[in-house]
Amino acid sequence: MDKKQRFLQGVVVSNKMEKSIVIRISIKVKHPLYNKFVTRRHNLVAHDEKNEANIGDIVRIMETRPLSKNKRFVMKEIIKKAKVV
């Protein structure tokens with residue numbers, strides 16, 4: 001049973017946990033009544049094996065089996081590093 005993998009892209013908002021990161025996914029949807037575009041945001045917890053992602057990085061995550069109570073994703077790659085100030 002080969003199921004198609006689900007990939008998402010988002011910004012790291014927290015990396016304070018050990019081997020875990022929190023990613024904010026932003027999706028624009030059209031409001032059914034007012035026909036304006038509204039931003040919907042979701043925070044997802046992902047597994048980061050090497051603790052290499054930092055706050056502000058743009059990362060790609062892949063859906064996987066449940067790894068813990070909240071973790072359902074694994075970080076695959078860092079697309080863009082955050083600027084260090």
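Everything numeric here is computed off the predicted structure, so don't read it as measured data. Position numbers for residues start from 1 in each chain and track the written sequence from start to end. Reporting in this predicted model follows two pLDDT cut-offs: at least 70 for local features of residues, and 80 or more for side-chain atom pairs to be given and counted; totals over whole chains, interfaces and linings ignore these cut-offs and use all residues. The basis for the side-chain values is all heavy atoms of the structure; hydrogens and waters are excluded.

(A) Molecular detail of the pattern of salt bridges. Salt bridge, as used here: a side-chain nitrogen of Lys or Arg that lies within 4 Å of a carboxyl oxygen of Asp or Glu. By the definition in use, this model includes 4 salt bridges. A salt bridge links Glu 49 to Lys 19, with the shortest nitrogen-to-oxygen separation between them at 3.1 Å. Of this pair, Glu 49 sits in the loop between β3 (37–47) and β4 (58–63) while Lys 19 sits in the loop between β1 (7–14) and β2 (20–30), and the two are 30 residues apart along the sequence. On the accessibility criterion, Lys 19 (33% relative accessible area) is partly exposed. One salt bridge in this structure joins Arg 60 and Glu 77, with 2.4 Å as the shortest N-O distance. With Arg 60 in strand β4 and Glu 77 in strand β5 (residues 73–80), the pair connects residues that are 17 residues apart, well separated along the chain. Runs of H or I in DSSP of at least four residues are treated as helices and runs of E of at least two as strands, each being numbered from the N terminus. Note on exposure labels: buried denotes an accessible area under 20% of the residue type's maximum, exposed denotes more than 50%, and partly exposed covers the range between, all computed with a 1.4 Å probe on protein chains only.

(B) Representation of the pairing of β5 in the model. Only strands joined by at least two bridges in the DSSP assignment are considered to pair. Pairing of β3 with β5 involves 2 bridges; the strand directions are parallel. The residue bridging His 47 from the neighbouring strand is Val 74, located in β5.

(C) Region of the structure containing the sheet that holds β3. Taken in spatial order, the 5 strands close into a barrel running β1-β2-β3-β5-β4, and their pairing is mixed. The sheet shows a mean angle of 45° between the axes of neighbouring strands, taken without regard to direction. Here β4 pairs with β5 via 6 bridges, running antiparallel. Bridge pairing in β5 links Val 59 to Ile 78. A fitted line through C-alpha atoms serves as each axis, taken over the contacting stretch for helices, and the angle formed by two N-to-C directions is quoted from 0 to 180°.

(D) Local environment of the nonpolar core. Counting residues in hydrophobic clusters, the biggest one holds 11 residues: Val 12, Ile 21, Ile 23, Ile 25, Leu 44, Ala 46, Ala 53, Val 59, Ile 61, Phe 73 and Met 75. Secondary structure elements with two or more residues in this core: β2, β3, β4 and β5. Ranked by residue count, the leading element in this core is β2, at 3 residues. By definition, residues are in contact when any of their heavy atoms lie within 4.5 Å. Ignoring sequence-local partners within four residues, the contact set of Ile 21 consists of Val 12, Ser 14, Asn 15, Leu 44, Val 45, Ala 46, Asp 48, Ala 53 and Met 75. Residue types Ala, Val, Leu, Ile, Met, Phe, Trp, Tyr and Cys, when buried and joined through side-chain atoms within 4.5 Å, form a set referred to as a nonpolar core.

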